[in-house]
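# Coordinates in review
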Amino acid sequence: MRDQSTDLREAVRKRYAAAAVKVTEGGAACCGPQPVEADENFGSTLYAADERDALPAEAVAASLGCGNPTAIAELREGERVLDLGSGGGIDVLLSARRVGPTGKAYGLDITEEMLALALTNAARAGARNVEFLKGTIEDVPLPANTIDVVISNCVINLSVDKPAVFAETFRVLRPGGRIGVSDVVADDALSPTQRAERGDHVGCIAGALSFSEYRAGLEAAGFADVEITPTHSVADGMHSAIVRATKPAGASGASRSEAATEAESPADACCGVNACCTPSETAADPNLTVTEAKTASGCACAG
């Protein structure tokens, strides 16, 4: 039996798949792609005209965000950027322009239709320093400590496991890295039930965290210098907000909770193996291979 989290994720996927199909089919029509339906609080109108004009029309038409994260992330030449929930690619393409040929912009999305649209848009834009990945924002398919900046545009509120999103964001960022996110945030006085009364989950309302919940979630993952600044109202007591935070310079790839777990674990958790589960692991017994030593000990990361 499917649980509510699975149903919500599938509802989100279907909504964005339908949006991608609408834009793709519109692009083949005589009048070009039509913007996905959104009110004045969401969509491409939140971007400057010169930014919209520099991109393929299909990338602009597929925009469903509540802000412009590339304008707040202060991207610099040569940086590596990850966009969580990249959709049709508008923020990835803008990021790629800002970081230049020595930098790189990654887009991560769960929706096949949006990924196909994003790849087409990247080709139309002639963007060579971009890469689109299929996956969830709760389980990012990138190594730890490899990204300078994580951005996202009204997507984290759609997640059914926000602590996992914050932990994964922290993991992939290099020490000293930062986030620049646009998201919907609720007043602290609103209960989850009251948020749901103002809009549904796939409409970026019901799943929004409150200001204090958002801050606590980021800090629990290990982030510092958390700033959450509302920009405009999207519903009664609900706001589009700019969220900034940094990964401390001395932090490892693990989140704070993971680091605590590691600190509590014995050093020889993988019996017979030194530096277990790292690139430098070796068998304590020189007559055994690493795999043999793990298998003999029943180690959880054997293989």
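Parameters at a glance
- Residues numbered from 1 in each chain as written.
- Predicted model: local features only at pLDDT ≥ 70, side-chain atom pairs only at ≥ 80, totals over all residues.
- Heavy atoms only, no water.
- Helix = DSSP H or I, 4+ residues; strand = E, 2+ residues; numbered from the N terminus.
- Buried < 20%, exposed > 50% of the residue type's maximum accessible area, 1.4 Å probe, protein only.
- Areas by Shrake-Rupley, 256 points an atom, 1.4 Å probe, with all protein chains shown as cover.
- Phe/Tyr/Trp six-rings, centres within 6.5 Å; stacked < 30°, edge-to-face > 60°.
- pLDDT = per-residue confidence, 0-100.
- Contact = heavy atoms within 4.5 Å.
- Right-handed = clockwise from strand over helix to strand, strands pointing away.
- Pairing = 2+ DSSP bridges.

### Looking at the overall build of the protein
- If you tally the helices and strands in the protein, you get 11 helices and 10 strands.
- Residues classed as buried in the protein amount to 49% of the 303 residues present.
- When the accessible surface of the protein is summed, it comes to about 13,900 Å², and 53% of that surface belongs to carbon and sulfur atoms.

### Things to note about the packing of aromatic side chains
- Throughout the structure, instances matching the rule amount to 2 aromatic pairs.
- Summarising the aromatic geometry, the rings of Phe166 and Tyr214 are spaced 5.4 Å apart at their centres and angled 50 degrees between planes, so their arrangement reads as tilted. Within this pair, whereas Phe166 is found in helix H7 (residues 162–172), its partner Tyr214 is found in helix H9 (residues 211–221), the two being separated by 48 residues in sequence. Grouping residues by exposure puts Phe166 and Tyr214 together as buried.
- Here Phe170 and Phe223 contribute two aromatic rings whose centre-to-centre distance is 5.2 Å and whose plane-to-plane angle is 90 degrees, an arrangement assigned as edge-to-face. Pair noted here: Phe170 is in helix H7 and Phe223 is in the loop between H9 and strand S7 (224–235), with a separation of 53 residues, a long-range link.

### Considering the confidence of the model for the protein
- Here the protein shows a mean pLDDT of 77. Residues at 70 or above account for 60%.
- Considering only residues more than four positions removed or in separate chains, one finds that residues 27–37, a stretch of pLDDT under 50, has 21 contacts.
- Predicted confidence for residues 259–271 stays below pLDDT 50, and this span has 8 contacts to residues more than four positions away or in other chains.

### Points about the pairing of strand S2 (residues 104–109)
- The buried count for S2 comes to 5 of 6 residues, which makes it a mostly enclosed element.
- Regarding topology, helix H5 (residues 90–99) serves as the crossover connection from strand S1 (residues 80–84) to the parallel S2, and that connection is right-handed.
- Inspection of the sheet shows S2 paired to strand S3 (residues 130–134) by 5 bridges, in the parallel sense. Counterpart to Asp109 in the pairing with S3 is Lys134.
- Since S2 and S3 lie parallel, the crossover through helix H6 (residues 112–125) that links them has a hand, and here it is right-handed.

### Some thoughts on H5
- The buried fraction of H5 is high, at 8 of 10 residues.
- Buried within H5 are the following residues: Ile90, Asp91, Val92, Leu93, Leu94, Ser95, Ala96 and Val99.

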